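The residues making up each chain are set out below.
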Amino acid sequence: NNEEGFVVTPIDFSSNVGFSIPINFANSQGSEVLKDTLDSDLSDLPNPDDGDSRLQNSKIRIKYENKLPMSMDLNLKFLDDQDNVVTEVPLNGDPISLDAPDIDDITRFVTTPYNGEMVISLTDEQSAKLHRTRKIRLGGDFITPQGSGGSHEVKIRSSDYIEVSI
């Protein structure tokens, strides 16, 4: 009836507010987010400096299962006993890409893990240096995939993982 009035009985409002943002792993130095060093003593490989035969061909096989909702750009540094770099993979600066699993467009959770395998051939020069390797340092960056709506938003469960074997 267009007259002013007052609410005498209290009214309860219940609301939930949430924010979803793209996942962003970063650090202040701008270097790799993931770093892990594996003990890998390759001293039993031929050493051309000692007159041993020389490796003509060497390959690295990488197998992985990814259940994290993101891809990963990986690089490998082969280190000597003083942690100096013997060689790197890849040499051209392009990272090794580990693909992301399928992600549900609505929930943004992983639907099924992605299993991948790749073989990387080393140059003759890299192969000749492998005997000096005592450790392999894995470095990498995570990249969230773009969904069908253009969003990079992903969601991670406590059971999500990535396994890499070299």
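Refer to the preceding data block for the structure.
Quick caveat, the model's predicted, so the values are computed rather than measured. (Residues numbered from 1 in each chain as written. Predicted model: local features only at pLDDT ≥ 70, side-chain atom pairs only at ≥ 80, totals over all residues. Heavy atoms only, no water.)

Undergrad: Kindly report on the overall build of the protein chain, identifying the contributing residues and their values.
TA: Looking only at helices and strands, one finds one helix and ten strands in the protein chain. The helix and strand sequence of the protein chain, counted from the amino end, reads β-β-β-β-β-β-β-β-α-β-β. Per-residue burial over the protein chain gives 30% buried out of 166 residues. (Helix = DSSP H or I, 4+ residues; strand = E, 2+ residues; numbered from the N terminus. Buried < 20%, exposed > 50% of the residue type's maximum accessible area, 1.4 Å probe, protein only.)

Undergrad: How would you explain the packing of aromatic side chains if you had to name every residue and give the values?
TA: Per the stated rule, a full pass over the model turns up one aromatic pair. One cation-aromatic arrangement involves Arg-157 over Phe-109; the distance from NZ or CZ to the ring centre is 4.1 Å. (Phe/Tyr/Trp six-rings, centres within 6.5 Å; stacked < 30°, edge-to-face > 60°. Lys NZ or Arg CZ within 6 Å of the ring centre and 35° of its normal.)

Undergrad: Pulling in residues and values, what's your account of the sheet that holds strand S10 (residues 162-165)?
TA: With antiparallel pairing, the three strands of this open sheet are ordered in space as S8-S2-S10. Each edge of the sheet is formed by a strand with only one pairing partner; in this case those strands are strand S8 (114-122) and S10. Neighbour-to-neighbour, the strand axes of the sheet open up by a mean angle of 15°, direction not taken into account. Note: strand S2 (residues 58-66) against S8, nine bridges, orientation antiparallel. Directly across from Arg-61, in S8, lies its bridge partner Val-119. (Pairing = 2+ DSSP bridges. Axes fitted to C-alpha atoms, helices over the stretch in contact; angles between N-to-C directions.)

Undergrad: Give me the lowdown on the environment of Asp-141, citing residues and values where you can.
TA: Here Asp-141 shows up in strand S9 (residues 135-143). Using a relative accessible area of 34% as the deciding quantity, one classes Asp-141 as partly exposed. Counting along the chain gives 69 residues from Asp-141 to Met-72, while the straight-line C-alpha distance between them is 5.6 Å.

Undergrad: Would you mind going over a nonpolar patch on the surface in detail, with residue names and values included?
TA: A cluster of nonpolar side chains, Leu-38, Val-164 and Ile-166, forms an exposed patch at the surface whose accessible area comes to about 200 Å². With respect to the helices, strands and loops of the structure, Leu-38 is situated in strand S1 (residues 34-39). (Patch = residues over 30% accessible without salt bridge, like charges linked within 9 Å, V, L, I, M, F, W, Y side chains within 5 Å. Areas by Shrake-Rupley, 256 points an atom, 1.4 Å probe, with all protein chains shown as cover. Salt bridge = Lys/Arg side-chain N within 4 Å of Asp/Glu carboxyl O.)

Undergrad: Please provide a residue-by-residue account of the nonpolar core, values included.
TA: Ranked by internal contacts, the top residues of the largest apolar core, which has 18 residues, are Leu-76, Phe-78, Val-89 and Ile-96. Put simply, the parts of the chain that give this core at least two residues each are S2, strand S3 (71-79), strand S4 (85-89), strand S5 (96-98), S8 and S9. Residue contributions to this core peak at four residues, all from S3. When neighbours within four sequence positions are excluded, Phe-78 is seen to be in contact with Ile-60, Asn-84, Val-85, Val-86, Thr-87, Val-89, Leu-130, Thr-133, Lys-135 and Ile-136. (Core = buried A, V, L, I, M, F, W, Y, C linked by side-chain atoms within 4.5 Å. Contact = heavy atoms within 4.5 Å.)

Undergrad: Got a sec to walk through the environment of Asn-47? Specific residues and values, please.
TA: When you line up the elements, Asn-47 lands in the loop between S1 and S2. Separated by 83 residues in sequence, Asn-47 and Leu-130 have C-alpha atoms that sit 8.5 Å apart. Polar contacts involving the side chain of Asn-47 include one to the side chain of His-131, which spans 3.2 Å. (Polar contact = N/O pair within 3.5 Å; in protein donor to acceptor, adjacent residues only side chain to side chain.)

Undergrad: Before we move on, can you summarise the side chain of Thr-133 with the specific residues and values?
TA: Along the polypeptide, Thr-133 turns up in the loop between helix H1 (124-129) and S9. Those residues in contact with Thr-133, other than ones at most four positions away along the chain, are Ser-40, Asp-41, Leu-42, Ser-43, Phe-78, Leu-79 and Val-86.

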